[in-house]
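So you can see what is in the structure, the chains are spelled out below.
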Amino acid sequence: MPPASGDKCPTVRLQLVHVSSDAVFSGSRIHYDEACQPDPVTPYGAAKAAAETAVRLLVPAAAVARTSLIIGNGGSVHERMVHGLATGTGEGVLFTDDIRCPVHVDDLARALWELAVSDQAGMFHLAGADALSRYELGVLIAQRDGLDATRLPAGCRADARIPGALDVPLDSRATQRRVRTRLRGAREFLRVR
């Protein structure tokens, strides 16, 4: 219901939070912390890096948040793929040489909101604490969901000649010291209960 005339709406000051991606990196480093400069190898990564630069130039008070694979409670693209592969209804392969730091969608949403209502500016890495291959991540998802992980096909992305970085572990330790939201690793949030 709208406020009665004369009533004041509470004011909430929000800042711009630009969401970016680990795709801004080439995978040539051992790890990527918030101070690392983008070195993309795909058009998508280059577009994300250009957007980061534009936001930081035009809105210096903004927060730029890089993230990695986003995993939820069964509905993410990766989770649906794992279900299809484990049940024989999907096609594809889970790469053993494609390393990311998956983040749970709830942790990501909380951290993004925390940044939006804060006055913190700069670069943030909102990724999980565990660096895992897509295959390792698939096994954890299958185990959590009671699926047969032995049915998951493994392969090398390098052999598939799919462009893009292979090993992109985002280091979120500096960000974790600046935000209250704990960015759990996939081994924790996908643990079988």
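Starting from 1, residues in each chain are numbered consecutively following that chain's sequence as written. Local features are withheld for residues below a pLDDT of 70 in this predicted model, meaning they are given only at 70 or higher, and side-chain atom pairs are given and counted only at 80 or more; totals for whole chains, interfaces and linings count all residues. Calculation of side-chain values draws on the structure's entire complement of heavy atoms; hydrogens and water are dropped beforehand.

K.L.:
Would you take a moment to explain the overall build of the protein chain for this structure?
P.N.:
Each helix and strand counted, the protein chain has 7 helices and 9 strands in total. Within the protein chain, the proportion of its 193 residues that are buried is 47%. Whether two residues touch is decided by their heavy atoms; if any such pair falls within 4.5 Å, the residues are in contact. Put simply, of all contacts in the protein chain between residues at least 6 apart along the chain, 81% involve residues at least 24 apart. We score Asp and Glu as negative and Lys and Arg as positive, and we do not count His or the chain ends. Where a charge lies is defined by one atom per residue type, namely NZ (Lys), CZ (Arg), CG (Asp) and CD (Glu). Taken together, the 23 basic and 22 acidic charged side chains of the protein chain have centroids lying 4 Å from each other. Each helix corresponds to a stretch of at least 4 residues labelled H or I by DSSP, and each strand to a stretch of at least 2 residues labelled E; elements are numbered beginning at the N terminus. Any residue under 20% of the maximum accessible area for its type is buried, any over 50% is exposed, and the rest in between are partly exposed; the area is computed with a 1.4 Å probe on protein chains only.

K.L.:
Please explain the pattern of salt bridges as it appears in this structure.
P.N.:
Once the charged atoms of two side chains with opposite charge are near each other, the side chains can pair. The salt bridge criterion pairs a side-chain nitrogen of Lys or Arg with a carboxyl oxygen of Asp or Glu, the two atoms within 4 Å. Scanning the entire structure with this criterion turns up 13 salt bridges. Arg-157 is the partner of Asp-98 in a salt bridge, and the nearest nitrogen-oxygen pair spans 2.8 Å. Taken together, the residues Asp-98 in the loop between β4 (94–95) and β5 (99–100) and Arg-157 in helix α5 (residues 157–160) connect sequence positions 59 residues apart. Judged by relative accessible area, Arg-157 falls into the buried class, the value being 7%. A cluster of three or more residues bridged by salt bridges with shared partners is formed by Asp-22, Asp-98, Arg-100, Arg-134 and Arg-157.

K.L.:
Hey, could you run me through the side chain of Thr-67 in this one?
P.N.:
Within the secondary structure layout, Thr-67 lies in strand β2 (residues 63–67). Within the structure, the side chain of Thr-67 is placed 2.7 Å from the backbone oxygen of Leu-126, a separation counted as a polar contact. Discounting chain neighbours no more than four positions away, the residues touching Thr-67 are Val-19, Ser-20, Ser-21, Asp-22, Val-103, Leu-108, Leu-126 and Leu-170. Any pair of N or O atoms that falls within 3.5 Å is considered a polar contact. Within protein, one atom must be able to donate a hydrogen and the other to accept it, and sequence-neighbouring residues count only if both atoms are side-chain atoms.

K.L.:
Any chance you could explain the nonpolar core here in plain terms?
P.N.:
Grouped burial of nonpolar side chains is what soluble globular proteins tend to show. To qualify as a nonpolar core, a set must consist of buried Ala, Val, Leu, Ile, Met, Phe, Trp, Tyr and Cys residues joined through side-chain atoms within 4.5 Å. Counting 17 residues, the largest nonpolar core has Ile-71, Val-82, Leu-137, Ile-141, Leu-152, Ala-186 and Leu-190 as the members making the most contacts within it. For this core, the element with the most residues is helix α4 (residues 134–144), which contributes 5 residues. If we ignore the near neighbours within four places in the chain, the residues touching Ile-71 are Ser-76, His-78, Glu-79, Pro-102, Val-103, His-104, Val-105, Leu-137, Ile-141, Phe-189 and Leu-190.

K.L.:
Would you mind going over the packing of helix α2 (residues 77–87) against α4 with me for this structure?
P.N.:
Working note: a packed helix pair is described by the angle between its axes plus the distance between those axes. Only the stretch in contact is used when a helix axis is fitted, and all axes are lines through C-alpha atoms; the angle between N-to-C directions ranges over 0 to 180 degrees. Viewed as axis vectors pointing N to C, α2 and α4 meet at an angle of 70°, and their least axial separation amounts to 9 Å. It follows from the interaxial angle that α2 and α4 lie roughly perpendicular. Every residue of α4 that contacts α2 at His-78, Glu-79, Val-82 and His-83 is listed here: Arg-134, Leu-137, Gly-138, Ile-141, Ala-142 and Arg-144. Grouping the constituent residues of the contact of α2 with α4 by class yields 4 nonpolar, 3 polar and 3 charged. Angular relationships are summarised with four words: roughly parallel below 35 degrees, roughly antiparallel beyond 145, roughly perpendicular across 65 to 115, and oblique for the angles in between. Any residue that is not Ala, Val, Leu, Ile, Met, Phe, Trp, Tyr, Cys, Pro, Asp, Glu, Lys or Arg is counted as polar, Gly included; the first ten are nonpolar and the last four charged.

K.L.:
Got a minute to help me understand the sheet that holds strand β1 (residues 17–21) in this structure?
P.N.:
In sheet architecture, strand pairing relies on hydrogen bonds along the backbone and comes in two forms, parallel and antiparallel. Strand pairing follows a simple DSSP-based rule, namely that at least 2 bridges must link the two strands. Ordered by their spatial adjacency, 3 strands build an open sheet running β1-β2-β7, and the pairing between neighbours is parallel. Both outer strands of the open sheet, β1 and β7 (122–126), are each paired with one neighbouring strand and no more. Shown here is a sheet whose adjacent strand axes are inclined to one another by a mean of 25°, direction ignored. One ladder, built from 5 bridges, connects β1 with β2; its direction is parallel. Bridging from a neighbouring strand, Val-17 pairs with Ala-63 of β2. Along the sheet, helix α1 (residues 43–58) makes contact with β1, β2 and β7, crossing β1 at roughly 155°. Across the sheet, helix α3 (residues 105–116) is in contact with β1, β2 and β7; its angle to β7 comes to roughly 165°.

K.L.:
Mind showing me how you'd approach the pairing of β1 here?
P.N.:
Across the 5 residues of β1, 4 count as buried, placing the element largely inside the fold. A clockwise path from the first strand over the helix to the second, with the strands pointing away from the viewer, defines a right-handed crossover. Handedness of the β-α-β unit built from β1, α1 and β2 comes out right-handed.

K.L.:
Please clarify how the packing of aromatic side chains should be interpreted in this entry.
P.N.:
Two measures describe an aromatic ring pair: the distance that separates the ring centres and the angle between the ring planes. The criterion for an aromatic pair is that two Phe, Tyr or Trp rings (for Trp, the six-membered ring) have centres within 6.5 Å, with stacked assigned to planes under 30 degrees apart, edge-to-face to planes over 60 apart and tilted to the rest. Scanning all chains against the criterion turns up 1 aromatic pair. Look at Phe-25 and Tyr-32: their rings are 4.1 Å apart centre to centre, the planes differ by 20°, and that puts the pair in the stacked class. Look at Phe-25 and you get buried, because its relative accessible area is 0%. For Tyr-32, a relative accessible area of 1% gives the class buried.

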